[in-house]
Amino acid sequence: MSHAFSPGHRALDVDLRNAVPADADDVAHLLAELGYPCDIHDAAERISTILANDRQALVVARRQGAVCGLVALDFMYYLPLGTTTCRVTALVVTPSAQGQGVGRHLLKEAERRARSGGAARIELTSGVQRVEAHAFYRACGYSGSSVRFVKPLGSA
């Protein structure tokens, strides 16, 4: 599913809003597109968890009433800089809406919310295999800054 990114292309007729539990089916579908499958009940629980935390946000993008993308944000205190950082924890656009400016629209909203939430910077991580996503992020003004290491801890 290759979709060329056109930096000058703008999303047409896209509206953004905070996700609500009724969006669980769309969120489950989008997370599966990102490679993190979950069922509708898990998605509803995840949405509720985010809604209960004033340091997180989940925004969905809609075109013609249908959800076509999402961005999830987490605000955290970043000790090395002594300030707040906003991390994009998920960004996904449906294949049919890719290359139409929806992802750029979602990132701009993430940046707007980060600024209004007092964050000094915004960051995201992206799997090494997501080469097209990396080109998109660079085109949106992001640059590589670190290497991320992860160690699963087993059952929580």
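Summary of the structure given here. (Residues numbered from 1 in each chain as written. Predicted model: local features only at pLDDT ≥ 70, side-chain atom pairs only at ≥ 80, totals over all residues. Heavy atoms only, no water.)

**Quick word on the overall build of the chain**
Each helix and strand in the chain was counted, giving four helices and five strands. If you list the helices and strands of the chain from N to C, you get β-α-α-β-β-β-α-β-α. Dimensions of the chain along its principal axes, counting C-alpha atoms only, are 40 × 35 × 30 Å. Taking all 156 residues of the chain together, the buried fraction comes to 36%. In the chain, of all internal contacts separated by at least 6 residues, the share reaching a separation of at least 24 is 60%. Across the chain, the centroid of the 17 positively charged side chains sits 9 Å from that of the 15 negatively charged ones. (Helix = DSSP H or I, 4+ residues; strand = E, 2+ residues; numbered from the N terminus. Buried < 20%, exposed > 50% of the residue type's maximum accessible area, 1.4 Å probe, protein only. Contact = heavy atoms within 4.5 Å. Lys, Arg positive; Asp, Glu negative; His and termini not counted. Charge placed at Lys NZ, Arg CZ, Asp CG, Glu CD.)

**Notes on the nonpolar core**
V71, L73, V88, L91, V102, L106 and L107 are the most contacted members of the largest nonpolar core, which totals 24 residues. For this core, the secondary structure elements donating two or more residues are β2 (56–63), β3 (66–78), β4 (83–93), α3 (102–116), β5 (119–124) and α4 (131–139). Top element by residues in this core is α3. It accounts for five residues. Once residues lying within four places of it in the same chain are set aside, the contact partners of L91 are L34, L70, V71, G103, L106, L107, F136 and Y137. Formed by 18 residues, the second largest nonpolar core is a distinct cluster that contains I50, V67, L70 and V92. (Core = buried A, V, L, I, M, F, W, Y, C linked by side-chain atoms within 4.5 Å.)

**Comments concerning the pairing of β4**
The element β4 is largely enclosed, with a buried count of eight among its eleven residues. Of the strand pairs in this sheet, β3 and β4 are connected by ten bridges, and their pairing is antiparallel. Bridge assignment links L73 to a residue of β4, and that residue is V88. Connecting β3 to the antiparallel partner β4 that follows it, the hairpin turn spans four residues, and G82 within it adopts a positive phi of roughly 65°. As judged from the five bridges shared by β4 and β5, these two strands associate in the parallel manner. Counted as the bridge partner of R87 is E123 from β5. Traced from β4 through α3 to β5, the parallel crossover comes out right-handed. (Pairing = 2+ DSSP bridges. Right-handed = clockwise from strand over helix to strand, strands pointing away.)

**Details of the pattern of salt bridges**
Applying the stated criterion across every chain, the model contains six salt bridges. The partner of E123 in a salt bridge is R121, with the nearest N and O atoms 2.9 Å apart. Under the relative-accessibility criterion, R121 is labelled partly exposed at 31%. Salt bridges sharing partners connect three or more residues here, namely R87, R121 and E123. (Salt bridge = Lys/Arg side-chain N within 4 Å of Asp/Glu carboxyl O.)

**Some thoughts on the environment of L70**
Mapped onto the secondary structure, L70 falls in strand β3. By relative accessible area, L70 is classed as buried at 2%. Look past the residues within four positions of L70 in its chain and what remains in contact with it is V27, L30, L58, V59, V60, A90, L91, V92 and L106.

**Here's the deal with the packing of aromatic side chains**
Going through the model one piece at a time under the given rule, you end up with two aromatic pairs. Members of the aromatic cluster, joined through ring pairs, are F136, Y137 and Y142. (Phe/Tyr/Trp six-rings, centres within 6.5 Å; stacked < 30°, edge-to-face > 60°.)

**Looking at the packing of α3 against α4**
Interaxial distance between α3 and α4 falls to 11 Å at its minimum, and their mutual angle equals 55°. In terms of axis orientation, α3 runs oblique to α4. When the axes of α3 and α4 are compared, the crossing they make is right-handed. In this structure, α3 contributes G103, R104 and L107 to the contact, and α4 contributes F136, Y137 and A139. In the contact of α3 with α4, the residues fall into four nonpolar, one polar and one charged. (Axes fitted to C-alpha atoms, helices over the stretch in contact; angles between N-to-C directions. Parallel < 35°, antiparallel > 145°, perpendicular 65-115°, else oblique. Left-handed = near helix turned anticlockwise from the far one by under 90°. Nonpolar A, V, L, I, M, F, W, Y, C, P; charged D, E, K, R; others polar.)

Limitation: the analysis is restricted to geometry and does not speak to function.
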